[in-house]
Structures are given as structure tokens and as C-alpha cells.
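Structural overview
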Amino acid sequence: MALMNFLKPKNKLEEGGRTSAPVQRDAGEPEKSCPNCRKDIPLSRLWANDLVCSCGYHFRMKARNRIRMIADKGSFHELYSGIKADNPLNFPGYKDKIETVRSASGEQEAVVCGTATLGGQKCCLFVMESYFMMGSMGSAVGEKITSLFEYAVQYRLPVIGFTVSGGARMQEGLLSLMQMAKTSAAVRLHSDAGLLYIAVLTDPTTGGVTASFAMEADIILAEPGATVGFAGARVIEQTTKKSLPDGFQKSEFVLEHGFVDSIVSRRDQKRYLAELLKMHGGRAV
Amino acid sequence: MSEAAYDRVKLARSSNRPTGLDYIKNIFRGFIEFHGDRRYADDPAIVGGIASLNGSPVTVIAIEKGHTAKERTLRNFGAPNPEGYRKALRLMKQAEKFGRPIICFIDTSGAYCGIGAEERGQGQAIAENLTEMSTLCVPVISVLIGEGGSGGALALAVADRVWMLQNAVYSVISPEGCASILWKDAAKAQTAAESLKLTAEDAKSLGVIERILSEKDIGQKEFYDRIRTLLIREIDVLTNDLDLVGHRYDRFRNIGVSAVIKE
Ligand SMILES: [Zn+2]
């Protein structure tokens with residue numbers, strides 16, 4: 001299939017409401033309100049549409065749901081699941097905070113790494129977790145992502161990464177900051193080996209992650225409506241005492257300014273990514 | 001105890017401290033400044049060019065805050081825009097081409113948080129410096145002389161050696177920003193400063209920097225002479241390193257490894 005076909009937004013709900021898994025609405029089924037169009041959507045219908053509203057609004061998605069959506073069924077093998085944050089600076093409240101987040105999210109850290117196949121082609125995959133301290137990057141996130149790029153160099157695999165992050169994890173101080181340099185060097189190692197790295201920026205991708213591996217991919221994609229930027233909007237308003245332009249730091253704004261290759265709706269991502277892997281010499285395993 | 005760290009922050013921010021240009025003028029000879037990123041503009045917050053150190057050409061880059069109110073406004077208070085980082089990278093690639101060591105002086109509260117900065121890709125500019133600096137095949141030494149504000153400082157500090165002045169600070173976020181996010185109270189900046197471990201001693205014990213530079217006679221001839229001697233000696237060591245890029249990779253690769261739990 002030609003890549004051009006993906007550029008047209010496809011929304012199966014708008015094409016007569018048929019989805020790959022047709023759903024009937026039960027009376028009294030729980031609904032979620034869309035912050036964009038304000039409609040209430042039955043949860044089952046939202047799930048059947050990968051958490052995308054019929055208006056195009058993309059709800060946040062947990063890392064493991066995203067992996068289920070992107071990877072071929074049963075192909076994901078997790079790596080580095082035992083690497084997780086300690087409290088290296090004895091930062092006040094950090095230990096309790098992280099324990100609470102762990103039990104609430106079911107994750108040990110803010111990124112899930114592993115290998116998978118997409119359309120039968122093998123790749124390394126990392127997916128950041130918005131439900132874990134808003135994907136903040138500390139030593140463990142940096143170590144896991146760095147290790148994944150090194151693994152990809154060793155086994156000559158492409159890397160696909162989904163980013164979501166509020167930035168560096170301040171409770172790990174300078175050690176967090178240094179993860180930007182560490183991951184960047186690993187991305188460079190992978191790039192110098194002639195291997196492909198595709199980043200998909202999801203809402204929100206900001207701070208130290210934007211200023212490192214999110215912006216270092218060969219091909220940078222973004223989900224519609226995602227906030228992508230370096231500084232926080234409120235900080236910019238306070239610094240400049242100016243009101244921000246409409247759509248500031250949304251993926252459409254970032255595309256217009258030349259910093260992402262394309263905006264790809266969630267429902268098209270798997271085919272789009274599989275096509276890109278194929279065009280970069282991906283082979284069926 | 002908590003006042004000590006925050007006192008360092010105040011000292012690091014003091015307008016009485018020597019700025020980037022003072023270091024350039026007093027340590028090197030015959031500085032020739034080069035302007036512009038060749039893409040958009042020249043950023044006055046970052047100064048760069050070539051100079052002579054012990055008779056050999058080096059590339060020097062400094063974030064400049066300025067001394068007077070007028071200078072500080074002109075220099076955007078040392079908060080670089082993307083074009084500043086791109087100018088710095090252009091000069092670093094030029095240094096690599098001609099085999100010159102690179103010396104950076106860092107003093108910034110952070111990369112500028114502005115509308116134009118975002119439109120022109122502040123995050124992308126910093127990210128590109130991080131990847132490119134990681135494989136520069138000439139020696140790089142970065143010296144934090146005042147504030148080392150987050151990614152905006154790191155963008156000039158992917159170096160073989162990172163040194164800090166005794167009262168410089170290096171942090172992932174300002175203590176005020178940290179306090180207002182975590183505790184919704186900017187007045188808790190003292191606690192934040194202490195908790196962030198941002199002093200030169202902290203940075204050294206975390207393995208983030210190699211050396212703390214004494215501030216004895218700061219701004220005097222003796223002070224600059226001392227730094228010059230150290231730079232000359234260290235560049236000599238780095239020039240003889242046959243695996244400079246590999247060692248630089250390991251330097252950053254190892255940071256934080258012992259700060260995680262591996263099950
Ligand atoms: Zn909607």
C-alpha cells in the first residue's frame with residue numbers, strides 16, 4: 001500500500017460506524033466524555049477505536065495497551081523489566097511517591113522496552129508510560145532506553161519508540177539530566193551503525209525527552225493534537241508575558257514549523273510503521 | 001544545612017562573578033569571534049570563536065550573561081535561543097574539521113523559554129548538540145562557571161571533562177521551579193536546593209564532574225592563570241587518548257547505573 005493513502009484521515013466510525021470489532025451499546029454502559037467534542041462515548045466503542053473519539057481526539061493510552069495495538073499478536077518480548085528507580089539522592093517523598101505510583105499503575109517504571117514484530121518484521125520497541133509519573137525520565141528510564149539501543153546495535157534491529165513525558169525526573173536531580181546525554185549517545189551509536197530509528201511523539205512529549213531522544217529519530221511522527229515542546233506553556237507565558245498563539249506546541253504546529261515528518265492517527269500507525277520498516281530493508285522473521 | 005545549598009545558588013547567580021567573556025579574554029590570547037548559525041540568526045547569549053592557548057589554536061564557546069543592565073538585556077540574561085546552540089554546534093564541527101580542542105564556559109539559568117524558541121525547535125537544537133557532541137573526535141572540556149541550568153547547560157557539556165567552579169551550581173531544574181511543582185510553594189526553594197544535590201561537591205560525588213575549581217582570587221590574574229594551566233595539562237592528556245570518543249561514551253554511559261535497582 002502506498003504511504004500516500006495514510007495521509008487521508010480514516011475514521012471508521014465516520015464511515016458508517018462499522019469497526020473491526022462491531023459493538024452494541026448496552027443500556028447503562030459506562031461512558032467517557034470527550035474533552036474536544038464534549039460528546040459522551042460508550043467505553044466499549046472507545047476501546048474498539050483504540051481510544052480515538054469520532055471527532056479525532058486521541059485519549060491517552062497505557063503503554064501496554066499501545067504495545068498490544070502496535071505489535072503483532074504475541075510477538076512482544078519484554079526486556080529490562082527488572083530495572084527500576086531507587087532513591088539515589090534520598091529525595092524527600094520520592095520513595096513513597098514511587099511506591100504509590102507503582103501500585104496504582106501496575107508498572108515498575110515509566111518506560112516498557114522489548115522486541116516485537118510489526119507486520120512480521122522484527123524491531124526493538126519502547127513505549128513510555130504516561131500513567132507513571134507522566135513518563136518522567138530518571139536513571140532507570142535512561143538506563144532501559146540506552147540498553148535497548150545498544151541491544152538493537154548488537155542484533156542489528158530498527159528501533160521504534162513512543163514518547164510521552166513531562167520531562168526529566170527532578171527527584172533524581174543531575175542524574176536525570178545526564179540521562180539526556182546518555183540516551184543521545186546511544187541513539188547516535190545506533191544511527192552510526194546504519195540502523196533505523198522511528199519516534200512517535202504522543203501527548204505530551206516535553207522537556208528533557210523532547211530535547212533528547214524524541215527529536216533524534218530518523219523519522220519523527222506525532223499523534224494528532226499531541227503537545228510537543230521543550231518548555232511548558234505556562235512557563236513561557238510567565239517568561240514572555242505574552243499570550244500564546246492558537247494551537248501552540250500542538251503536533252500540527254510542530255509539523256508546520258518543520259520538526260516532525262508527519263502526523264499519523266493512532267488507527268493508521270501500525271500499517272504506517274510496518275510500511276516504513278519494510279522500506280528500510282525489514283525482513284520477515 | 002538547607003541554606004548552604006541555596007546560598008550557593010545565590011552566589012552562582014551573582015552579577016559580580018566573571019562572565020563567559022571574562023574567561024575567554026583572560027585565559028586565551030587573540031580571541032577572534034565568529035557569529036551566526038548560518039540558518040536564522042546570531043544569538044548574543046552565546047559567544048564563540050577561535051583563540052590561542054599555549055600557542056595552539058582552540059575553539060572557545062561561552063554562554064555570556066553580561067555585567068551591566070544594558071549588557072544583560074542584550075545577552076538575554078544568558079538564556080540561549082536555538083540559534084545559539086546551532087552556532088555553538090557549527091563552531092564545534094569546525095573545530096573537529098581543523099583538529100582543534102574545544103573549551104566551553106557555561107553560565108545559564110536555562111535555554112530560553114520563548115514562543116520563537118519553541119517555533120524554531122529549542123528541543124531539537126539541544127538534542128542535536130547532545131548527539132553530535134557525543135562523537136566529536138577532538139578533546140572537549142566544559143567548565144561550569146556560574147549557573148548550570150538543565151538541558152540548556154548540558155547542550156554545551158557533553159564533554160570529556162566537565163569542571164565546576166567551587167560556587168557554580170548544576171541542576172536539572174531551578175530550586176524555585178522544583179519547589180513550586182512539587183510543593184506548590186516557591187518559598188521552599190531552600191529545601192529544594194538542598195534536595196536536588198546541585199553543588200559542585202554533590203556533582204563530583206555523583207560522578208557528573210571531574211574537578212572542582214577553587215575560587216581563590218576569582219577574577220584576578222592568578223585565578224585565570226591557574227585555570228589556563230589546568231586546561232593546557234588536560235588537553236595534553238586528552239590529545240593522547242587513542243579512544244577519546246569511546247571513553248566519552250563510557251563517561252556518560254556509566255552515570256546513574258548504580259542509581260537503579262536491577263532485579
Ligand atoms: Zn470527541
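Refer to the structure presented above.
Residues numbered from 1 in each chain as written. Chains lettered and ligands numbered in written order. Predicted model: local features only at pLDDT ≥ 70, side-chain atom pairs only at ≥ 80, totals over all residues. Heavy atoms only, no water.

1. Some remarks on the interface of chain A and chain B
Facing the 55 residues of chain A at the interface are 49 residues of chain B. Between chain A and chain B, roughly 4400 Å² of surface is buried when both sides are summed, and carbon and sulfur atoms account for 72% of that area. Here chain A is connected to chain B by five salt bridges. Residues B:Glu263 and A:Lys84 are paired through a salt bridge, measuring 3.2 Å at the closest nitrogen-oxygen approach. Counting across the chain A and chain B interface gives 17 residue pairs in polar contact (both at pLDDT 80 or more). Only strand 4 (83-85), helix 5 (139-154), helix 6 (173-192) and helix 8 (233-240) of chain A provide two or more residues apiece to the side of chain A that touches chain B. By residue number, the principal contributor to the side of chain A that touches chain B is helix 6 of chain A, which donates 16 residues. A per-class count over the side of chain A that touches chain B returns 29 nonpolar, 17 polar and nine charged. Judged from the three bridges that link them, strand 4 of chain A and strand 9 (residues 260-262) of chain B form a sheet pairing that is antiparallel. (Contact = heavy atoms within 4.5 Å. Buried area = accessible area lost by both parts, 1.4 Å probe. Salt bridge = Lys/Arg side-chain N within 4 Å of Asp/Glu carboxyl O. Polar contact = N/O pair within 3.5 Å; in protein donor to acceptor, adjacent residues only side chain to side chain. Helix = DSSP H or I, 4+ residues; strand = E, 2+ residues; numbered from the N terminus. Nonpolar A, V, L, I, M, F, W, Y, C, P; charged D, E, K, R; others polar. Pairing = 2+ DSSP bridges.)

2. Brief notes about the pattern of salt bridges
A pair can form between side chains of opposite charge whenever their charged atoms are brought close. Within the structure shown, the criterion is met by 33 salt bridges over all chains. As a salt-bridge pair, A:Glu99 and A:Arg102 come within 3.4 Å of each other at their nearest N and O atoms. Note that A:Glu99 and A:Arg102 are positioned in helix 4 (residues 94-105) at a spacing of three residues, about one turn of the helix. For A:Glu99, a relative accessible area of 45% gives the class partly exposed. Accessibility expressed as a relative area gives 8% for A:Arg102, which makes it buried. Across the pair B:Lys87 and B:Asp42 runs a salt bridge whose closest N-O atoms are separated by 2.7 Å. Of this pair, B:Lys87 sits in helix 4 (residues 82-97) while B:Asp42 sits in the loop between strand 1 (29-34) and strand 2 (46-53), and the two are 45 residues apart along the sequence. Assessed through its relative accessible area of 1%, B:Lys87 is described here as buried. When its relative accessible area of 31% is taken as the criterion, B:Asp42 is described as partly exposed. (Buried < 20%, exposed > 50% of the residue type's maximum accessible area, 1.4 Å probe, protein only.)

Such coordinate-based values are descriptive only and should not be taken to indicate function.
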